[in-house]
Amino acid sequence: MQTTSQHIVEVAIPLPLEGSFHYLVPQRLSAAAQAGKRVLVPFGRRKVTGYLLGDADAPGAGELKEVLEILDEEPLFTPSELEFYRWIAGYYLHPLGEVIKMALPAGINLVSRYRCEQSEDGTPVLKEYLAGGKSVRTERLYTAVPDCSARPRGKGLEILEYLLEVGECSGPELRERFGPCTAQLGRLVELGAARLSQREVYRDPFKAKEYGHDGPLPLNPAQAEALARVSAALAAGDFAPFLLHGVTGSGKTEVYLQSIAVALAAGRTALVLVPEIALTPQLVGRFKRRFDCGIAVLHSGLSDGERFDEWRRIRRGEASIVIGARSALFAPLERVGVIVVDEEHEGSYKQSEGVRYNARDLALVRGKLGKAVVLLGSATPLVTSYHAAQTGRLGYLSLPDRVRDLPMPETRMLDARNHKGDIFLPELVEAMGENLDAGGQTLLFLNRRGFATYLVCETCGHVLRCPNCAVTLTYHRIKGKHVCHYCDFTMLPPSTCPDCQSGAITLLGRGTERVEDQVQKLFPDARVSRMDRDSTRGKGGHARVLKELEEGMVDILIGTQMIAKGHDFPGVTLVGVLSADASLNLPDFRSAERTFQLVTQVMGRAGRGDKPGRVLVQTLAPEHYALTHAVAHDYLGFYREEIAFREEVGYPPFAHLAALTFSAVAAGQGESAADEAAALLRRIKREARLRVEVLGPVTAPLGKVRGRFRWQILLKGVERADLHRLLFHFRGGFSHPSTVRLTIDVDPVDML
Ligand code: ADP
Ligand code: ZN
Ligand code: ZN
């Protein structure tokens, strides 16, 4: 029997496996075996890197395998971060090891101290890892030794006097100042007149820009009220979540900045999340001008090494503000006082693969665990957020007016029904012509998303919808049928419109290329450009198109949602929305909400300069509430209709969703796994009396993706706890062949 004094630890392994594992720590590693470090452990016939979660007392320790090596000198995560990771793993039903791996910067793997290699007799040996160029980078630093009597001559003396004056200076800086001086520096060190040390340098992506400085602006009454409530919450020191609702230009960012100043003054830190596309040098500049403290910026353009550098700076407490996109949520910042989620309605906060977390939702969790103020800012809040504000789960802060009295653009809806699918209605063509003559720029927004094709009546605008789920039916070419991908309702294509009996019904879906052709034909002299994923591929493509527009090199720019976000185009005086219907008819219960957000955003692109702008929205659904309220700048009107719809049909916030996707190369395997899963789900639900609807399985709307067939089961639960119990039991009891891949998506955002 082993004695109880053995050191046993719990280890999470970043593999798709449930639970954590126990290992024995040999005496020689015992002191170093701290929670938060990586360990090398035997696993099956392999050796894998795991994360040490803490000490454990497990029975049967005699059978445990031993930890082979401790891979870090310092822990990578703190106990409170581990608590957060555990919460995520539980909520999203994802293995803890994979959650931890995702939360830590990828570059960390480049600096593990050891690498495991096979020795000649086949036993593993650890070699000191040579991390290559991407690891910690250092530079040489020279310091004068003040009371040294040795006096060099010539250039050496000049350098020494300079060092005495400035205290310390790096080699590159000295060379820049004095020219080649390696020999002199060596001599100074040899004489004992200067000391050489190493300093770590960080790769700074937004480097050495002079940002200048500016102070807080005097707030208007609405901003002052918002700040007062945030300050009170910070003083109380409890978790306090707020929705900050205000149109673009209403001064939300100023409220963020001043809230953060209050938190910093109280010795706390701040985390600012923005959608990737909004993470611009201008935004970062605004923070750098306002604050003297360290600011770390995390964006997707960083190399692994750069990201790791920023992470280390934050870990050491050298940054008090972290700005970044989705994954910055995991920044190792301590004492966080304020978490900002700007444009909280953005779908890009949801990670669509791996751990399918939503950074907007997790900001609230992190805020709660760390007793922070969370500010969710938006001009078009999610209806679930606004509902939460109405029911008191979020505090409501409103900035109703623009700070500078810019006029709202003049907006009109153009009814495209009875126009035989023309790309442009005559009014829009006329307006484009006028705008060209007047030297203004035009933005044509083509709301094309995904691949879903749907049936629409060109006479009355009627769209085929599922009678059970109220979502648009998607046409499946292979089957030749219209299918609901929530519940698998199927119907053959009708020959006439079910609503008005017109024979003019078409499958819709059109692309930016066709629009570009047409524009060029209509206006042969105009300089036309296109911005979508295809035309701006490659680094800088995106920025290039924007720059051309800004410099007046483009008269008409055609684009997808890319052009709707974040950018300011002062020269744009006309915005045409070509197919507001496309997002309206996505097979997704959020289609109305998405459309309202998009159209509102696009409208914000017109007339940001001195000239007032015009917006024309061309649509087959001119009476749809998402469009009428967007055009009227009426969020509340939209919210009331949308929340009534959600309640009636039972969608969030009145129900919680999870999507299970099964994919397999062999169609039969995926299908039978999905069928078995659905049967098991229904049995668990019945036996445990859980109030959850099990819909499907259905073939996923995108059918076959990357060579794999896909099936989906949608779960809909009124109580979140019921939904989670069902998922939890299901995961524990379901097994499937390894050729089938199962992903569980809790709170899915994109239902394609
Ligand atoms: P939002 O984040 O809601 O778009 P911003 O905070 O960026 O709004 O404010 C829009 C513009 O108004 C910015 O140029 C900002 O500097 C300015 N601004 C914001 N608040 C004030 C204020 N209280 N007084 C004067 N200018 C302000
Ligand atoms: Zn019709
Ligand atoms: Zn349905």
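Sequence order sets the numbering: in each chain, residues are counted from 1 along the sequence as written. Key to labels: chains lettered from A, ligands numbered from 1, both in the order written. The model is predicted, so local features are restricted to residues of pLDDT at least 70 and side-chain atom pairs to those at 80 or more, both for listing and for counting; the totals for chains, interfaces and linings are taken over all residues. The side-chain quantities take in all heavy atoms of the structure and omit both hydrogens and water.

**A short note on the coordination of the zinc ion (ligand 2)**
Geometrically, a metal with four donors at the corners of a regular tetrahedron has ideal angles of 109.5 degrees, and one with six donors at the corners of a regular octahedron has ideal angles of 90 or 180 degrees.
Next up, step 1: Protein coordination at the zinc ion (ligand 2): the donors are C457 (SG), C460 (SG), C497 (SG) and C500 (SG), at 2.3 Å from the metal.
Next up, step 2: Note that water is not among the atoms used; donors are N, O and S atoms within 2.8 Å of the metal (3.2 Å for Na, K and Ca), so sites may look incomplete. The geometry test gives tetrahedral to four donors whose angles all lie between 85 and 135 degrees, gives square planar to four donors and octahedral to six donors whose opposite members are over 155 degrees apart with all other angles between 65 and 115, and gives irregular to the rest. Around the zinc ion (ligand 2) sit four donor atoms, and with donor-metal-donor angles ranging over 107 to 112° the site reads as tetrahedral.
Next up, step 3: For the zinc ion (ligand 2), all donor residues lie on one chain, and their spacing in sequence is C-x2-C-x36-C-x2-C.
Next up, step 4: Its relative accessible area of 1% is what places C457 among the buried residues.
Next up, step 5: Type-normalised accessible area, obtained with a 1.4 Å probe on protein chains alone, sets the label of each residue: buried when under 20%, exposed when over 50%, and partly exposed for intermediate values. Its relative accessible area of 22% is what places C460 among the partly exposed residues.

**Let's talk about the nonpolar core**
Next up, step 1: Core analysis: the biggest nonpolar cluster contains 111 residues, and I100, F662 and L715 have the highest contact counts within it.
Next up, step 2: Beyond its immediate stretch of four places on either side in the chain, F662 contacts G670, A673, A674, A677, F709, R710, W711, I713, F734, V740, R741 and L742.
Next up, step 3: Grouping buried Ala, Val, Leu, Ile, Met, Phe, Trp, Tyr and Cys residues that are joined through side-chain atoms within 4.5 Å yields what is termed a nonpolar core. The next biggest cluster of nonpolar side chains, apart from the first, holds 30 residues, and it includes V230, V255, V272 and L375. For this analysis, residues touch if any pair of their heavy atoms sits within 4.5 Å.

**Description of helix α12 (residues 383-390)**
Next up, step 1: Within α12, six of the eight residues are buried, which leaves it mostly tucked inside the rest of the structure.
Next up, step 2: Strands here mean DSSP runs of E at least two residues long; helices mean DSSP runs of H or I at least four residues long; both are numbered from the N terminus. Those residues of α12 that sit buried are V383, S385, Y386, H387, A388 and A389.
Next up, step 3: Backbone geometry just downstream of α12 places G392 in the positive-phi region, at approximately 85°.

**Notes on the packing of helix α17 (residues 591-603) against helix α19 (residues 635-649)**
Next up, step 1: For the pair α17 and α19, the least separation of the axes is 10 Å and the interaxial angle reads 170°. When the axis of α17 is compared with that of α19, the two are roughly antiparallel. Note on element contacts: α19 touches α17 through Y635, F638, E642 and R646, opposite A592, E593 and F596. Axes here refer to lines fitted to C-alpha atoms; in helices the fit is confined to the stretch in contact. Angles between the N-to-C directions go from 0 to 180 degrees. Convention used here: angles under 35 degrees read as roughly parallel, angles over 145 as roughly antiparallel, angles from 65 to 115 as roughly perpendicular, and any remaining angle as oblique.

**What about the sheet that holds strand β18 (residues 410-415)?**
Next up, step 1: Note on pairing: two strands pair once DSSP finds at least 2 bridges between them. If you trace the six strands from one edge of the open sheet to the other, you get β18-β28-β27-β19-β26-β25, paired in parallel fashion. Looking at which strands have only one partner, the edges of the open sheet turn out to be β18 and β25 (528-531). Neighbouring strand axes in the sheet, compared pairwise and without regard to direction, differ in orientation by 20° on average.
Next up, step 2: Here β18 runs beside strand β28 (residues 614-619); their pairing, made up of six bridges, is parallel.

**Some points on the pairing of strand β4 (residues 46-55)**
Next up, step 1: With four bridges joining them, strand β1 (residues 8-12) and β4 adopt antiparallel strand pairing. Considered in β4, the bridge of V9 is made with D55.
Next up, step 2: Here strand β3 (residues 38-43) pairs with β4 via six bridges, running antiparallel. Across the sheet, the residue bridging to P42 is K47, located in β4.
Next up, step 3: Here β3 hands over to β4 after two residues, with G44 in that stretch at a positive phi of 60°.

**What to know about the site of ligand 1**
Next up, step 1: Near residues are defined by distance, with any heavy atom within 4 Å of the molecule or strand qualifying the residue. Near ligand 1 there are 16 residues, and of these P218, Q223, G249, T253 and R286 occur at the shortest range.
Next up, step 2: At a separation of 2.7 Å, an oxygen atom of ligand 1 approaches a polar backbone atom of G249.
Next up, step 3: Residue S250 places a main-chain N or O atom 3.3 Å away from an oxygen atom belonging to ligand 1.
Next up, step 4: Note that accessible areas follow from Shrake-Rupley with a 1.4 Å probe, and for residues the cover is restricted to the protein chains shown. Relative to its unbound accessible surface of 550 Å², ligand 1 loses 74% to contact with the protein.
Next up, step 5: Here the element with the most residues in the shell around ligand 1 is helix α8 (residues 252-265); it accounts for three residues. In protein, a polar contact means a hydrogen-donor-capable atom and an acceptor-capable atom, both N or O and within 3.5 Å, with residues adjacent in sequence counting only if both atoms are side-chain atoms; elsewhere, any N or O pair within 3.5 Å suffices.

**Examining the sheet that holds strand β12 (residues 269-273)**
Next up, step 1: Read across the open sheet, the seven strands follow the order β13-β14-β12-β15-β16-β11-β17; overall the sheet is parallel. Either end of the sheet is taken by a strand with one partner, and the two such strands are β13 (295-298) and β17 (395-399). Adjacent strand axes in the sheet meet at a mean angle of 15°, parallel and antiparallel pairs treated alike.
Next up, step 2: Pairing analysis gives five bridges linking strand β11 (residues 240-246) to β17, with the strands arranged parallel. Within β17, the position partnered with L243 by the bridge is Y396.
Next up, step 3: Lying over the sheet, helix α10 (residues 304-315) contacts β13 and β14 (321-324), oriented at roughly 145° with respect to β13.

**Comments concerning the UniProt feature "binding site: Zn(2+) 2" (unreviewed entry) in the protein chain**
Next up, step 1: Taking the UniProt record as the reference, the feature "binding site: Zn(2+) 2" (unreviewed entry) is found at C466, C469, C484 and C487. Spanning 22 residues, the named residues form one tight spatial group whose C-alpha atoms are at most 8.6 Å apart.
Next up, step 2: You can see C466 is positioned in the loop between β20 (454-457) and β21 (474-476).
Next up, step 3: Here C466 falls in the buried class, since its relative accessible area comes to 4%.
Next up, step 4: Dropping the residues within four chain positions of it, C466 is found in contact with V471, L473, C484, C487 and F489.
Next up, step 5: Of the residues examined, C469 reaches a relative accessible area of 6% and is grouped as buried.
Next up, step 6: Other than its neighbours up to four places away in sequence, C469 contacts C484, Y486, C487, V649 and Y651. UniProt positions are given in the numbering used here, feature names are shortened, and annotations may be inferred rather than shown by experiment.

**Focus: the pattern of salt bridges**
Next up, step 1: Whenever Lys or Arg places a side-chain nitrogen within 4 Å of a carboxyl oxygen from Asp or Glu, that contact is recorded as a salt bridge. Summed over the entire model, instances satisfying the criterion amount to 27 salt bridges.
Next up, step 2: A salt bridge links R86 to E10; its shortest N-O distance comes to 3.6 Å. Of the two residues, R86 is situated in helix α2 (residues 79-91) and E10 in strand β1; the sequence distance between them amounts to 76 residues.
Next up, step 3: What makes R86 partly exposed here is its relative accessible area of 39%.
Next up, step 4: With a relative accessible area of 17%, E10 lands in the buried category.

**Things to note about the packing of aromatic side chains**
Next up, step 1: In summary, the pairing rule links any two rings of Phe, Tyr or Trp, Trp by its six-membered ring, whose centres are within 6.5 Å, and it sorts them by plane angle into stacked for under 30 degrees, edge-to-face for over 60 and tilted for everything else. Tallying each qualifying case throughout the model produces 22 aromatic pairs.
Next up, step 2: Where F77 meets Y85, the ring centres are 5.6 Å apart and the plane angle is 75°; that geometry is what we call edge-to-face. As far as the burial class goes, F77 and Y85 line up, both buried.
Next up, step 3: Here, a charge over a ring is recorded when the distance from Lys NZ or Arg CZ to the ring centre is within 6 Å and its angle to the ring normal is within 35 degrees. Its guanidinium or amino end placed over the ring of F308, R312 lies 5.0 Å from that ring's centre, counting from NZ or CZ.
Next up, step 4: When the ring centre of Y651 is taken as reference, the NZ or CZ atom of K716 above it lies at 4.4 Å.

**Points about the environment of Q441**
Next up, step 1: Tracing the backbone shows Q441 in strand β19 (residues 441-445).
Next up, step 2: In this structure, the C-alpha to C-alpha distance between Q441 and F569, residues 128 residues apart in sequence, is 9.0 Å.
Next up, step 3: Here Q441 is in contact with N435, L549, G552, V554, D555, G571, V572, T573 and L574, once residues within four sequence places are set aside.
Next up, step 4: A polar contact of 2.9 Å, which involves the side chain of Q441, links it to the backbone oxygen of V554.

**Section: helix α3 (residues 96-103)**
Next up, step 1: Restricting attention to buried positions, one finds in α3 the residues L96, G97, V99, I100 and A103. Buried residues in α3, looked at end-on, bunch into an arc of 160°, giving them a common side.
Next up, step 2: Packed against the buried residues of α3 are β1, β4 and α2. For this quantity, the arc is that covered by the directions from the helix axis to the C-beta atoms.

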